Amino acid sequence: MLSATIIGGSGYTGGEVLRILLQHPHVQVTQITSRQYLGQFVYSVHPNLRKQSELKFISPDAIEPTDIVFLALPHGEAQKKIGELAGKFNYIVDLSADFRLKDAATYQKWYGEEHQAPEWLDKFVYGLPEIYREEIKQAKYVSGVGCNATASNLAMFPLVKAGLIDLSQPMIFEVKSGSSEGGASGNPGSHHPERANVIRTYAAYGHRHTAEVMQILGAKQVSLTMTSVDLVRGALATGHATVNSGVTKKEVWGAYRQFSKENPFIRVVKEVKGIYRMPEPKILAGSNYADVGFDIDEENKHVIAICAIDNLMKGAAGSAVQCMNLMLGLDETEGMRFCGLHPA
Ligand SMILES: NC(=O)c1ccc[n+]([C@@H]2O[C@H](COP(=O)([O-])OP(=O)(O)OC[C@H]3O[C@@H](n4cnc5c(N)ncnc54)[C@H](OP(=O)(O)O)[C@@H]3O)[C@@H](O)[C@H]2O)c1
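Numbers given for residues are sequential positions, taken from 1 along each chain in its written order. Given that the model is predicted, a residue must reach a pLDDT of at least 70 before its local features are reported, and side-chain atom pairs must reach 80 or more before they are shown or counted; all residues, however, enter totals for whole chains, interfaces and linings.

A. Expanded view of helix 8 (residues 249–262). Per the convention used, a helix needs a DSSP run of H or I reaching at least four residues, while a strand needs a run of E reaching at least two, with both numbered from the N terminus. One less than the number of residues in a helix, times 1.5 Å, gives the span that helix is expected to have. In a regular helix each residue adds 1.5 Å, so 14 residues correspond to 20 Å; helix 8 covers 20 Å between its end C-alpha atoms and thus fits that length. Note on burial: count the other C-beta atoms lying within 10 Å of the residue's C-beta; 20 or more is buried, 12 or fewer is exposed, in between is partly exposed, and C-beta positions come from the backbone. Taken together, the buried positions of helix 8 are Val252, Ala255 and Tyr256. On an axial view of helix 8, the arc spanned by its buried residues comes to 90 degrees, and they lie on one face. In helix 8, the exposed positions angled more than 90 degrees off the buried face are occupied by Lys250, Arg257, Lys261 and Glu262. We call two residues in contact whenever the C-beta atoms placed from their backbones are within 7 Å. Buried residues along helix 8 sit in contact with helix 5 (147–161), strand 10 (266–268), strand 11 (290–297) and strand 12 (302–309). Think of the arc as the fan of directions from the helix axis to the C-beta atoms.

Okay, structure coming up:
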């Protein structure tokens, strides 16, 4: 059995990493941190884990070396102590945005602050197995993924990979997301009377995840509009792009089918009848699947690419554990074969 530490274990993504690893046959979480809930049982914060774990939260200052560590900390924290952490742990998966972007200037542009450990940026592999599987297998340090970026990237990447998209044309994503994206600590916008029943566009343009989408898809102009909707879990990205001249619906179908064949957590959803014709996040809650679908207006070369995920799973903890499996030479689906609930 390999040992794992979760730093930031009282948060939503840290709790999800623990939930997944409690079912994992080869990796056991031996320490988990929280400063606010020091000494308390993990199930006092994550009540779904009652009778699943007797672990208690310890201080981040008390951690001992284990085989792997998951950093589920707010943005900006991991970069402050990455050198010290690398001295303690052979493998690091950082769920934050600290090591997702490839260069310090891009980081400064999108995050509005200087990176504290720019020399570490190229030591990290971007943690999306569907795109960087071979690199992740060789990596010791893997970054997390942005949830909105992941829904957008997985919607469009199959077509980019197949060479069907005209990358000189604008690529536009509309992303709808649930409240758990904001993490466990509240703010005025997450207060129930303010958040319940909303459809609220909070970033029409310039959301930070745009940088990750540009980095992955390589389009010249990417725009991402973020809208909060009345969900706890879930993100749905709807992308619009221009296909190259002569691209047909059949080719687009082929690109998604091939991508799904290559990736165990990608499912193509495009039905002609019934009520589940397109991807939707509701049935994915708690699962690591990403459902992708599309339509195309061949005459106008306009493709609409859609992806639904659970932001805490494929958009965070699920991808992180999938990366861990690859880094440790395990089956990448280990611990994550749960398919979601219906009805939910
Ligand atoms: N939520 C999502 O959908 C999502 C998706 C993708 C990526 N992410 C990223 O994943 C990371 C974690 O997100 P989350 O939603 O799980 O956040 P969260 O619910 O707010 O949890 C943050 C955790 O970090 C701990 N913490 C905060 N400051 C700390 C510090 N200085 N030292 C040690 N521990 C500290 C907190 O516990 P204590 O204060 O008790 O120590 C808590 O356990 C973020 O960087 C986020 O951007 C989140």
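B. Just the sheet that holds strand 4 (residues 91–94), in detail. Reading across the sheet, the five strands line up as 2-1-3-4-5 and stay open at both edges, with parallel pairing between neighbours. Either end of the sheet is taken by a strand with one partner, and the two such strands are strand 2 (27–32) and strand 5 (141–143). Across the sheet, the mean angle from the axis of one strand to that of its neighbour is 20 degrees, orientation sign disregarded. Here strand 1 (residues 2–7) pairs with strand 3 (residues 68–71) via four bridges, running parallel. Counted as the bridge partner of isoleucine 7 is leucine 71 from strand 3. Note on geometry: axes are lines fitted to C-alpha atoms, helical ones only across the stretch in contact, with angles between N-to-C directions running from 0 to 180 degrees. Packed on one face of the sheet, helix 9 (residues 313–327) meets strand 2, strand 3, strand 4 and strand 5 and runs near 160 degrees to strand 4. DSSP calls a pair of strands paired once it identifies at least 2 bridges connecting them.

C. Inspection of the nonpolar core at higher detail. Counting residues in hydrophobic clusters, the biggest one holds 94 residues, and the most contacted among them are Val17, Phe70, Ala151, Cys307 and Ala320. Domain start and stop positions are those given by an automatic or database domain assignment. Structurally, this core is a two-domain feature, drawing no fewer than three residues from each of domain 1 (2–124) and domain 2 (147–311). The contacts of cysteine 307, once residues within four sequence positions are left out, are Ala151, Leu154, Ala155, Ala237, Pro279, Ala290, Asp291 and Val292. Structurally, a nonpolar core is described as a collection of buried Ala, Val, Leu, Ile, Met, Phe, Trp, Tyr and Cys residues joined by way of C-beta atoms within 7 Å.

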